[in-house]
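For reference, the chains in residue letters:
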Amino acid sequence: MPKPLTPNQEMYLKTIYEIVDEGSEPRVKSIAERLGVRMPSVTGALETLRVRGLVSHDRYGDVRLTVRGRKTAREVKTRNDLLHKFLLEVLKLPPEIAARDACVLEHVVSPVTLERLESFLNFLRVCNRGASETIAHFEDWLSCQERGAACRECPGPGGKPCAS
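Below is a summary of the structure that appears in this document. If you're wondering where the values come from, they're calculated on a predicted model, not measured in any experiment.

## Some thoughts on the packing of aromatic side chains
Counted by the stated rule, this structure contains two aromatic pairs. The structure contains a cluster of three or more aromatic residues connected by ring pairs, namely F86, F120 and F123.

Below, the structure written as structure tokens:
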């Protein structure tokens, strides 16, 4: 059984996948710029990924994902997208925090947790019990908490109602 990919290796695959998805040609320089690393680091990572059968790369040429590399990169991107959506739309985190945290979590969250998270997001979309209102109310509740007040619709013990 092959050794699992490191988060760093997954990031390289996802970055290559995204560059291709945007209609550009992935090259060492563009990958380095996107990841904020030096070109020799990219070259070394690409060699490791090449040995593992995930990319092909001609010296000074384009980088291409193999079929297996594309499948793996798509899986990482799917995890990231799901986590980002949850952090942004449900937990109402600022976009830059949601993006950064999704990028970290995509490498460590279990398949069981991802499946449950996806089910929860689907539930919110189809439930007729007012899920969108609940999420909107959660955003109001967060605002009250930041101001040190309790929500007027669901006051906590000893909390002052929030004047939203």
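## What to know about the nonpolar core
By size, the foremost hydrophobic cluster in this structure holds 17 residues, and its most contacted members are L13, I16, I31, V42, L46, V55 and L65. Looking at this core, the elements with two or more residues in it are α1 (7–21), α2 (28–35), α3 (39–51) and β2 (63–65). Of all the elements, α1 adds the most residues to this core, at five residues. Beyond its immediate stretch of four places on either side in the chain, V55 contacts L13, I16, L46, L49, R50, V63, R64, L65 and T66.

## Comments concerning α3
With 13 residues, α3 should cover 18 Å at 1.5 Å per step; its first-to-last C-alpha distance of 18 Å lies within 8% of that length. Among the residues making up α3, those that are buried are V42, A45, L46 and L49. Buried residues of α3, viewed axially, fall in a sector of 105 degrees; they line one side. Seen from the open side of α3, the exposed residues pointing more than 90 degrees away from its buried face are P40 and V51. Where the residues of α3 are buried, they touch α1, α2, β1 (55–57) and β2. Directly beyond the C-terminal end of α3, a positive phi value near 80 degrees is found at G53.

Definitions and limits used
Residues numbered from 1 in each chain as written. Predicted model: local features only at pLDDT ≥ 70, side-chain atom pairs only at ≥ 80, totals over all residues. Heavy atoms only, no water. Phe/Tyr/Trp six-rings, centres within 6.5 Å; stacked < 30°, edge-to-face > 60°. Core = buried A, V, L, I, M, F, W, Y, C linked by side-chain atoms within 4.5 Å. Buried < 20%, exposed > 50% of the residue type's maximum accessible area, 1.4 Å probe, protein only. Helix = DSSP H or I, 4+ residues; strand = E, 2+ residues; numbered from the N terminus. Contact = heavy atoms within 4.5 Å. Expected span 1.5 Å × (residues − 1). Arc of directions from axis to C-beta.

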